[in-house]
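Chain by chain, the residues:
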Protein chains: 4
Amino acid sequence: MIMFNCDYAEGAHPRILERLSETNFDQTLTYGLDVHSDRARSYIRAACGLGDEAPVHFFTGGTQANLTVIDAMLLPYQGVVSTETGHINVHETGAVEATGRKILTLPPVDGKIPAASLREYCEAHYADHDRDQTVQPGMVYISHPTECGTLYTLAELEALRAVCDEFGLILYLDGARLGYGLAVPGSVTLRDIARLCDVFYIGGTKLGAMFGEAVVIARPELGKCFRYSLKRRGAMLAKGRMLGIQFEVLFEDGLYFEIAQHAVALADELRLGCRDAGLEMLYDTAANQLFPIMPDAVIAKLQEKYRFFAWERVDSERSAARLCTSWCTPEENVAAFLGDLRAALK
Amino acid sequence: MIMFNCDYAEGAHPRILERLSETNFDQTLTYGLDVHSDRARSYIRAACGLGDEAPVHFFTGGTQANLTVIDAMLLPYQGVVSTETGHINVHETGAVEATGRKILTLPPVDGKIPAASLREYCEAHYADHDRDQTVQPGMVYISHPTECGTLYTLAELEALRAVCDEFGLILYLDGARLGYGLAVPGSVTLRDIARLCDVFYIGGTKLGAMFGEAVVIARPELGKCFRYSLKRRGAMLAKGRMLGIQFEVLFEDGLYFEIAQHAVALADELRLGCRDAGLEMLYDTAANQLFPIMPDAVIAKLQEKYRFFAWERVDSERSAARLCTSWCTPEENVAAFLGDLRAALK
Amino acid sequence: MIMFNCDYAEGAHPRILERLSETNFDQTLTYGLDVHSDRARSYIRAACGLGDEAPVHFFTGGTQANLTVIDAMLLPYQGVVSTETGHINVHETGAVEATGRKILTLPPVDGKIPAASLREYCEAHYADHDRDQTVQPGMVYISHPTECGTLYTLAELEALRAVCDEFGLILYLDGARLGYGLAVPGSVTLRDIARLCDVFYIGGTKLGAMFGEAVVIARPELGKCFRYSLKRRGAMLAKGRMLGIQFEVLFEDGLYFEIAQHAVALADELRLGCRDAGLEMLYDTAANQLFPIMPDAVIAKLQEKYRFFAWERVDSERSAARLCTSWCTPEENVAAFLGDLRAALK
Amino acid sequence: MIMFNCDYAEGAHPRILERLSETNFDQTLTYGLDVHSDRARSYIRAACGLGDEAPVHFFTGGTQANLTVIDAMLLPYQGVVSTETGHINVHETGAVEATGRKILTLPPVDGKIPAASLREYCEAHYADHDRDQTVQPGMVYISHPTECGTLYTLAELEALRAVCDEFGLILYLDGARLGYGLAVPGSVTLRDIARLCDVFYIGGTKLGAMFGEAVVIARPELGKCFRYSLKRRGAMLAKGRMLGIQFEVLFEDGLYFEIAQHAVALADELRLGCRDAGLEMLYDTAANQLFPIMPDAVIAKLQEKYRFFAWERVDSERSAARLCTSWCTPEENVAAFLGDLRAALK
């Protein structure tokens, strides 16, 4: 079975394993205070164009990062605005609510929150005489790439930032697949994100790490005492260097960006192949995910050999599939899939 | 600087790193449903003398395991009984309270909860006419070895079990250093623990893993739907096999027990050396920790070369130090320390 | 200013104030263990057709009742299904989420949850291979009358009950305005509700009490140790008799039902008057609320003399108003309003 | 049975009932925005020497006030320091922990927190290199009078204030019986409390109200958006005027202070009578509670006619009783009790 169902079916980039071996018997400080974590922080800040005062914290997973950041940064009576399809709203088993916070949902447009919808929501909240009987919006959660594989444009991000400034909202970007988004030519850069968001995370789990997400707090005053929050939520890894080493390897010489490009190039190949075969796409994506619409029989046929999701039914005979490439997808898998697709479509 | 301050200053057992490399490009199921995690579960159940129906779940750290287990298993109005010095009470930044649970504290006796104290506490609760204005005890949290390095005897554990049965309490054992306790000749066995506790965790972080704790639910009915709780607390690792592989290696042929013996043997050497040098111990320990009482000047002198804690002041001139050995402490470090100790004491 | 904006703008039924005075200097037990609270519980159980084993608890307000019941009865990883317009979802400032629970929303049909939608939702949850990454539905929250003033029919309630039985859901009915619903000829009875719901509350605040909601736990096993939960959520009134006396007066000889009929009769008069004046209704209501659609200019004119909400815009020139009658609305206010309405419409 | 067991066994001061009747059919704004609540706020601010900007909020009970204030004002990783015997720590069924906050306990001295203990605790926290693995102290909770009936002196309060300033702690005073403390000649005044505390509540439930506690936020910046927190915790009473009217009556012309003096005068009579009869006291109290130490047989004899608690065993034959007077204790009850006491002691 060849897997196109997700971008975390394999282990880690070999250079990460090598570095873990090389450093294995070093005795280091614990809880993220080691030299590797410090170096990784420096590399990441440099890549973001941020100064030394910007905290960077490592988490073993995205749900943990999301729940800790959201809980730590909101005031008790505030909630976080998300699309209805946001990962925190549908696929984290209520992890955010488990910290006592409400998720305030808006209908997504291509997986994204339009700035105009956000402004309208905030205006309605503050116009309500009984607004204290509703949850005050305090943060906006977006994903980039989104759960639908789409990307925010620079103009869209800037417009969200403007609404956040107007209503005192924290802008939080979930970058579980951030590298893949950054690898798309012409897309927003890491520096754009660090300039426009208050806090965001750079996903490692889906981009070559065994596990690991780097939360970057671009507005340092939001990160005061954040290590207490890290520990309080069970997110402070004892041997913190395991996280530090991975991000050190990924960011010391651009490996993170390099392996992301590999995935996007192969996704482009898949997109081209699907279009050439006459398939339409459910969403217009550019990073490492694509959603080609296929006859159900074709999906069934392909699933005998490839693992991927039938994402959404389109009509009585067709559904959109979801395909992911990753940092380590072999080129021949793509070629094989496209061959089998063409055969199945005949 | 040679570290005796903790048992998690190094990386992982080399066989774990090897296995990670060997399996690195395999594509496996995610979220702990992979073949390695399944094998690790089987090995652990076998070691515990438990049947297939006993759930085993892997966590990346002890605080995460503690907060998830305690939150998932208590009723909303119940609290968890712990010693005042229990790890959950003093060193987890309120992680248990962050889930809405109160910790009900008892004074420790050698780091342990005597069954008689527990019975008295429960009796007092149920004798109180206004008991519904206090938190109902619903679980007992013990550590084995304790935070003071001491061990529960079989009789002590059985007595606690009896009180738990009498008052409907869940008995939960935090085994962050469990292997080291099991390696002490004559101590309770893993099967004793699996028979007497309702739920416990087998610590990997301090015993040769990069990270990882295996929660064993010996009373399966307490583990129903536990994977929801795992995800809700941000504890479901995407590439769950990273945990599975580590426990597979540790338990497939007894490596876990073997490396624990190494640490205990060296701790015994340290204990003997300290006693020979005329030092008393703060607690009578047998596993991988010892608390020799030394003149402050000797501690200061040794700390120039060795990292370890001055644990507790004993009188105006002496303090108890805490020394830990680990699965990978080199024999020569012990010899060097004892040599320097004897020199400093002269 | 004459108020038709809500049903809790005045104080309490005079017989309640009298009884409070008569009993004022009696010394009674506290925290709801007094004789008045006990009598009130008996009267309520009798009205519901429930036996002595069914717990009845008094709360000072609806949000408090909702958050305590929902938190106490759900398992940690479960959520409560509600309409998007449900009171707990939009007008309680995240009180349910503050207890760590997620609200799972369904689109309302006339303010109600159709049994078919609920079944579909539950089926989709259990069909999902990754269902443990989403919140498990554990309870259904409905209001009767709903926030739109509509009522569940007996068949609708029975259908919901059947789905709840199928998927192990608790059925919880918020009866903030329950009396007004019960007063509608042909509607479900209190006994129907006690038979079909697992837990529900009988609203007093909007029906003649100074404050007070009586939570009835029709399935006693759900109410075990509930007093702990009451205290834990700050809902155990020290002088609990203040609640007991009010419900004693309301239920000892049917006063609750009698004053509800008064309100519904006047609402019927308003409905008839509006329809005679040619107005349509936004929702087809039968209890104490109505939503007549009026030209905006008419609303503005009437609001000079009457306080009521412009509930929802209908088109560019018309909005639906919301009018409430209450247990103490004077007949002449209705007549005056209808007169002014007719004048404004000319 | 004559009750000396608590100060909330009766109803409300008759003038409160009268005012409720007089205003009963007025239509007022809801949720605490009515004219009576506003007047009550003004009276209370004036009595405290505070300006218009100081928020005053009304709650129906003390646990509700405590949990809402503590949750709203602490940062997520902070805890509240209390004595081990503090009401929030032992008699509120974990209500504070239910909001996710840890209570950090200190041993009480006469029911109080000595400033020196607090300083030592805070210094130890900040001196700990691993302090982020423990809960950061963020607030101090004291009761005045304390659970033992004792009072803070002005010097003690000032010393606590100084430590709070030094470590950035919020000083919160639980005044469930505040009036009785203020009525003791030479004790701290309401203005002292408003000057030295950041937030405190003035108890009504135990001082003539049916129910009600007035939270005064002396440092207005701590009270921003507090109404959201009120609603979020189910503490916003729909007919808020019920609270407003009671505090209006109690504070418009000094009734609160007057009825407190009555209770303290009778408690003084009891204290004098007990001492004359040769009894010692467990605590040196001056407000409305006393703890005379009596032979167990005397307690048993008196409990045939009077309800009061045997508070604490003193030796094998004697216990301390707890007696409370209240705003409405009849003088003859005191005389009767003392007569029966003298008889029983013979």
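Scroll up a little and you will see the structure.
Residues numbered from 1 in each chain as written. Chains lettered and ligands numbered in written order. Predicted model: local features only at pLDDT ≥ 70, side-chain atom pairs only at ≥ 80, totals over all residues. Heavy atoms only, no water.

Things to note about the overall build of chain A
- Helices and strands together make up the secondary structure of chain A, namely 13 helices and 13 strands.
- Relative to the 2.2 N^0.38 estimate, which gives 20 Å for 346 residues, the radius of gyration of chain A is 21 Å and therefore close to what a compact globule would have.
- Dimensions of chain A, computed from the C-alpha atoms along their principal axes, are close to 60 × 60 × 35 Å.
- Classification of the 346 residues of chain A by burial places 66% in the buried group. (Helix = DSSP H or I, 4+ residues; strand = E, 2+ residues; numbered from the N terminus. Rg over C-alpha atoms; globule rule 2.2 N^0.38 Å. Buried < 20%, exposed > 50% of the residue type's maximum accessible area, 1.4 Å probe, protein only.)

Looking at the interface of chain D and chain A
- Opposite the 24 residues of chain D that make contact, chain A presents 24 residues.
- Approximately 2,000 Å² of surface area, both sides summed, lies buried where chain D meets chain A, with 53% of it carried by carbon and sulfur atoms.
- Of all residues in chain D, D:Tyr77, D:Asp132 and D:Tyr228 bury the most surface against chain A, accounting for 37% of the area lost on that side.
- Here chain D and chain A share two salt bridges between them.
- Among the ionic pairs, D:Asp132 bridges to A:Arg227, the shortest N-O distance being 2.8 Å.
- On the surface where chain D and chain A come into contact, there are 10 residue pairs in polar contact (both at pLDDT 80 or more).
- Counting residues per element, the ones that place at least two in the side of chain D that touches chain A are helix 3 (62–73), helix 5 (115–127) and helix 9 (226–232) of chain D. (Contact = heavy atoms within 4.5 Å. Buried area = accessible area lost by both parts, 1.4 Å probe. Salt bridge = Lys/Arg side-chain N within 4 Å of Asp/Glu carboxyl O. Polar contact = N/O pair within 3.5 Å; in protein donor to acceptor, adjacent residues only side chain to side chain.)

Describing the relation of the copies chain D and chain A
- Aligned on chain A, chain D shows an RMSD of 0.0 Å; the corresponding rotation is 180° and the shift along the axis is 0.0 Å. Interpreted geometrically, this transformation is the action of a two-fold axis.
- Counting the interface residues of chain D, we find that 100% of their copies in chain A are interface residues as well, pointing to one common contact surface. (Least-squares fit on C-alpha atoms with pLDDT ≥ 70 in both.)

Describing the sheet that holds strand 5 (residues 136–143) of chain B
Residues and elements named next belong to chain B.
- Pairing within the open sheet is mixed, and its seven strands lie in the order 2-8-7-6-5-3-4. Either end of the sheet is taken by a strand with one partner, and the two such strands are strand 2 (56–59) and strand 4 (103–106). Shown here is a sheet whose adjacent strand axes are inclined to one another by a mean of 25°, direction ignored.
- In this structure, strand 6 (residues 170–175) lies alongside strand 7 (residues 199–203), joined through four bridges in parallel fashion. When the sheet's bridge partners are listed, tyrosine 172 is paired in strand 7 with valine 199.
- The strands touched by helix 3 (residues 62–73) within the sheet are strand 2, strand 3 (78–83), strand 5, strand 6, strand 7 and strand 8 (213–217), with strand 6 carrying the most contacts at an inclination of about 175°.
- Strands strand 2, strand 7 and strand 8 of the sheet are contacted by helix 10 (residues 241–252), whose axis makes an angle of about 115° with strand 2. (Pairing = 2+ DSSP bridges. Axes fitted to C-alpha atoms, helices over the stretch in contact; angles between N-to-C directions.)

Quick word on the relation of the copies chain C and chain D
- The two copies are related by a screw motion: chain C maps onto chain D through a turn of 180° and a shift of 0.0 Å along the axis, at an RMSD of 0.0 Å.
- Of the interface residues in chain C, 100% have counterparts in chain D that sit at the interface too, so the contact is made through matching surfaces.

Quick notes on the environment of C:Ala297
- Within the secondary structure layout, C:Ala297 lies in helix 12 (residues 296–302).
- In sequence terms C:Ala297 and C:Asn24 are 273 residues apart; their C-alpha atoms lie 50 Å from each other.

Let's talk about the pairing of strand 2 of chain B
Residues and elements named next belong to chain B.
- Of the two faces of strand 2, the one lined by Val56 and Phe58 and the one lined by His57 and Phe59 are each fully buried.
- In the sheet, strand 2 pairs with strand 8 via four bridges, with the strands oriented antiparallel. Bridging across to strand 8, valine 56 finds its partner in valine 216.

A short note on the side chain of A:Arg19
- Tracing the backbone through its elements, the reader meets A:Arg19 in helix 1 (residues 14–22).
- For A:Arg19, a relative accessible area of 19% corresponds to the buried category.

Details of the pattern of salt bridges
Residues and elements named next belong to chain D.
- Summed over all chains, the structure comprises 103 salt bridges over all chains.
- Taking the shortest distance from any N to any O, the salt bridge between arginine 161 and aspartate 165 comes out at 3.0 Å. Residue arginine 161 and its partner aspartate 165 are located together in helix 6 (residues 154–167), separated by four residues, close to a single helical turn.
- Taking relative accessible area as the criterion, arginine 161 reaches 11% and is therefore assigned buried.

Comments concerning the interface of chain C and chain D
- Residue-level contacts link 48 residues of chain C with 48 residues of chain D.
- When chain C packs against chain D, the two sides together hide about 4,100 Å² of surface, and 59% of this comes from carbon and sulfur.
- On the chain C side of the contact with chain D, C:Tyr8, C:Gln27 and C:Lys239 bury the most area, a combined 17% of that side's loss.
- The tally of links between chain C and chain D comes to zero salt bridges.
- At the junction of chain C and chain D, the tally comes to 24 residue pairs in polar contact (both at pLDDT 80 or more).
- By residue number, the principal contributor to the side of chain C that touches chain D is helix 1 (residues 14–22) of chain C, which donates four residues.
- Within the side of chain C that touches chain D, the residues separate by chemical class into 25 nonpolar, 14 polar and nine charged. (Nonpolar A, V, L, I, M, F, W, Y, C, P; charged D, E, K, R; others polar.)

As for the sheet that holds strand 2 (residues 56–59) of chain C
Residues and elements named next belong to chain C.
- Taken in spatial order, the seven strands line up as 2-8-7-6-5-3-4 in an open sheet, and their pairing is mixed. Each of the sheet's edge strands pairs with one partner strand only, and the pair in question is strand 2 and strand 4 (103–106). Sheet twist, expressed as the average angle between the axes of neighbouring strands with direction ignored, equals 25°.
- Summarising the sheet, strand 3 (residues 78–83) and strand 4 pair through four bridges and their orientation is parallel. The residue of strand 4 that forms the bridge with valine 81 is leucine 104.
- Of the strands in this sheet, strand 2, strand 7 (199–203) and strand 8 (213–217) are in contact with helix 2 (residues 35–48), which crosses strand 2 at around 115°.
- Seen against the sheet, helix 5 (residues 115–127) touches strand 3, strand 4 and strand 5 (136–143) and runs at an angle of roughly 165° to strand 5.

Things to note about helix 6 of chain D
Residues and elements named next belong to chain D.
- Between its first and last C-alpha atoms helix 6 spans 20 Å; for 14 residues at 1.5 Å apiece the expected length is 20 Å, and the two agree.
- Among the residues of helix 6, Leu157, Leu160, Arg161, Val163, Cys164 and Phe167 are the ones counted as buried. Projected onto a plane normal to the axis of helix 6, the buried residues spread over an arc of 165° and lie on a single side. Turned more than 90 degrees away from the buried face of helix 6, the exposed residues are Ala155 and Asp165.
- Tucked into the core, helix 6 has its buried residues touching helix 5, strand 5 (136–143), strand 6 (170–175) and helix 8 (190–196). (Expected span 1.5 Å × (residues − 1). Arc of directions from axis to C-beta.)

A closer look at helix 10 of chain B
Residue and element names in this part refer to chain B.
- Across the 12 residues of helix 10, 11 count as buried, placing the element largely inside the fold.
- Among all positions of helix 10, only Arg241, Met242, Leu243, Gly244, Ile245, Gln246, Phe247, Glu248, Val249, Leu250 and Phe251 are buried.
- Buried residues along helix 10 sit in contact with helix 1 (14–22), helix 2 (35–48), strand 2, strand 7, strand 8 and helix 11 (255–276).
- Residue glycine 254 follows helix 10 closely and has a positive phi angle near 85°.

Regarding the pairing of strand 13 (residues 318–324) of chain B
Residues and elements named next belong to chain B.
- In terms of burial, strand 13 is a largely internal element, six of the seven residues being buried.
- Note that strand 9 (residues 289–290) and strand 13 share two bridges and pair antiparallel. Its bridge partner lying in strand 13, glutamine 289 is registered against cysteine 324.
- In the sheet, strand 10 (residues 293–295) pairs with strand 13 via three bridges, with the strands oriented antiparallel. Bridging across to strand 13, isoleucine 293 finds its partner in alanine 320.
- Here strand 12 (residues 309–313) folds back onto strand 13 in antiparallel fashion, the turn holding four residues.

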